[in-house]
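Listed below, chain by chain, are the residues.
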Amino acid sequence: MRILSGIQPSGILHVGNYFGMMRPSIELQDQGEAYYFIADYHSMTSLYDADLRRDYTRRVAVDFLACGLNPERAVLFKQSDVPEHVELSWILSSVCPMGLLERCHSYKDKIANGVSASHGLFAYPVLMAADILIYDADSVPVGSDQKQHVEVTRDLAQKFNQTYGETFKLPEPRFRDGAETVLGLDGQKMSKSYNNAVEIFGEEKATRKRLMSIVMDSRTPDEPKPDAEKNLAIQLIKHIAPTEIYQDEVEKLKAGGYGYGNLKKRLFELYWEYFRDARARRDELMNNLDYVDQVLANGAAKAREIARPVNQRARRACGLD
Ligand code: ADP
Ligand code: TRP
């Protein structure tokens, strides 16, 4: 089985990215041939600062490795080191009906959130389809917000295959049970762009402050909270703590006599503990950035070995070769 996923270097990675995409990808690295890339071409649709792009790209590599991506098992690379993605994207765009892109939610959502309406942003699902099809990927671990893009990928593969003959394999999206959408501090989907995110590697003081700022209702500590499962701090605890601890916190809230301040302190402790080992690995990596750059260079060479022949196959099928 070949597994493929990407993540944009468009900001600092947060707990939603971790549970929605990074952790499932890391878990899958032992179950197949895994290819994970930093989608720097994609980041050009919303980030217009060259230095920041370079900086975030490296940070994503460091954070992914710190969280447990093993470069001996999974290939980690930077998308633009494999420029064949862009050629295939053009090839696919010529069989892509406009209506397919017009129906994509992410374009409208991003514009509503202040991203400029560029052709790149509109056409981005086509590049994403190329990213996936160029590796003959079977499985694509992503958060549920990316489901529509994997469907577009399947549609484009079929459209190309019908037009030029059997060329591409149809991929499947893959979600982790129970962690489809991680909510942010305001109860909406956690996102880099909504100022509601908890960073994976935030500083201790700042993160504590952020978690303590989660707004709760006005019930007194003594009151029992029969709707404990809906509490935002509880929902975050569900992601980062073992089930017994989660259950225990739910029971305490239901019973009454447990205040929100104590609950949020507990949330911070659990968060800090959860990423403790990763944080230590990250400190080591930050002192060894040459190693990180080498991982990306090796990854690009391996990825290109797969991407080039698939791109050639597409070129031949449509008569470019
Ligand atoms: P953001 O919304 O913060 O910009 P991206 O769109 O770059 O995040 O998402 C990167 C990856 O992380 C995708 O696979 C996406 O599905 C996943 N992801 C992002 N936010 C969440 C979330 N709140 N819950 C679950 N998965 C998420
Ligand atoms: N569009 C994805 C996101 O914003 C990132 C991405 C780009 C991707 N190409 C991909 C994910 C291919 C999976 C497969 O999160």
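Residues numbered from 1 in each chain as written. Chains lettered and ligands numbered in written order. Predicted model: local features only at pLDDT ≥ 70, side-chain atom pairs only at ≥ 80, totals over all residues. Heavy atoms only, no water.

J.: Which parts of the structure should I look at to understand the packing of helix α9 (residues 204-212) against helix α12 (residues 260-274)?
T.: Angle between the axes and distance between the axes are the two parameters that describe a pair of packed helices. Where α9 meets α12, the axes come as close as 9 Å, and the angle between the chain directions of the two elements is 140°. Classified by the interaxial angle, the pair formed by α9 and α12 is oblique. Where α9 crosses over α12, the two elements pack in a sense that is right-handed. Residue-level contacts link Glu-204, Thr-207, Arg-208, Leu-211 and Met-212 of α9 to Gly-261, Lys-264, Lys-265, Leu-267, Phe-268, Tyr-271 and Trp-272 of α12. Looking at the contact of α9 with α12 residue by residue, the classes come out as 6 nonpolar, 2 polar and 4 charged. (Axes fitted to C-alpha atoms, helices over the stretch in contact; angles between N-to-C directions. Helix = DSSP H or I, 4+ residues; strand = E, 2+ residues; numbered from the N terminus. Parallel < 35°, antiparallel > 145°, perpendicular 65-115°, else oblique. Left-handed = near helix turned anticlockwise from the far one by under 90°. Contact = heavy atoms within 4.5 Å. Nonpolar A, V, L, I, M, F, W, Y, C, P; charged D, E, K, R; others polar.)

J.: What should I look at first to understand the site of ligand 2 in this one?
T.: Around ligand 2, the structure places 13 residues, and the nearest of them are Gln-8, Tyr-124, Met-128, Asp-131 and Gln-146. The side chain of Gln-146 places a nitrogen or oxygen atom 3.1 Å from a nitrogen atom of ligand 2. Within the complex, the protein chains bury 91% of what would otherwise be the 370 Å² of accessible surface of ligand 2. Breaking the shell around ligand 2 down by element, the ones donating at least two residues are β1 (2-7) and α7 (119-133). No other element matches α7, which puts 4 residues into the shell around ligand 2. The residue inventory of the shell around ligand 2, partitioned by class, reads 7 nonpolar, 5 polar and 1 charged. (Near = heavy atom within 4 Å. Polar contact = N/O pair within 3.5 Å; in protein donor to acceptor, adjacent residues only side chain to side chain. Areas by Shrake-Rupley, 256 points an atom, 1.4 Å probe, with all protein chains shown as cover.)

J.: How do you make sense of the environment of Thr-181 when you look at a structure like this?
T.: Mapped onto the elements of the fold, Thr-181 is located in the loop between β5 (172-174) and α9. Separated by 161 residues in the primary sequence, Thr-181 and Gly-20 place their C-alpha atoms 6.8 Å from one another. A distance of 3.4 Å separates a polar atom in the side chain of Thr-181 from a polar atom in the side chain of Ser-144.

J.: Would you take a moment to explain the packing of helix α10 (residues 232-240) against helix α11 (residues 243-255) for this structure?
T.: Between α10 and α11, the least distance of the axes is 9 Å, while the angle of their chain directions is 160°. In terms of orientation, α10 lies roughly antiparallel with respect to α11. Crossing handedness for the pair α10 and α11: left-handed. Taking contact as the criterion, the partners of Ile-234, Ile-237 and Lys-238 in α10 are, on α11, Tyr-246, Glu-249, Val-250 and Leu-253. Residues that form the contact of α10 with α11 fall into these classes: 5 nonpolar, no polar and 2 charged.

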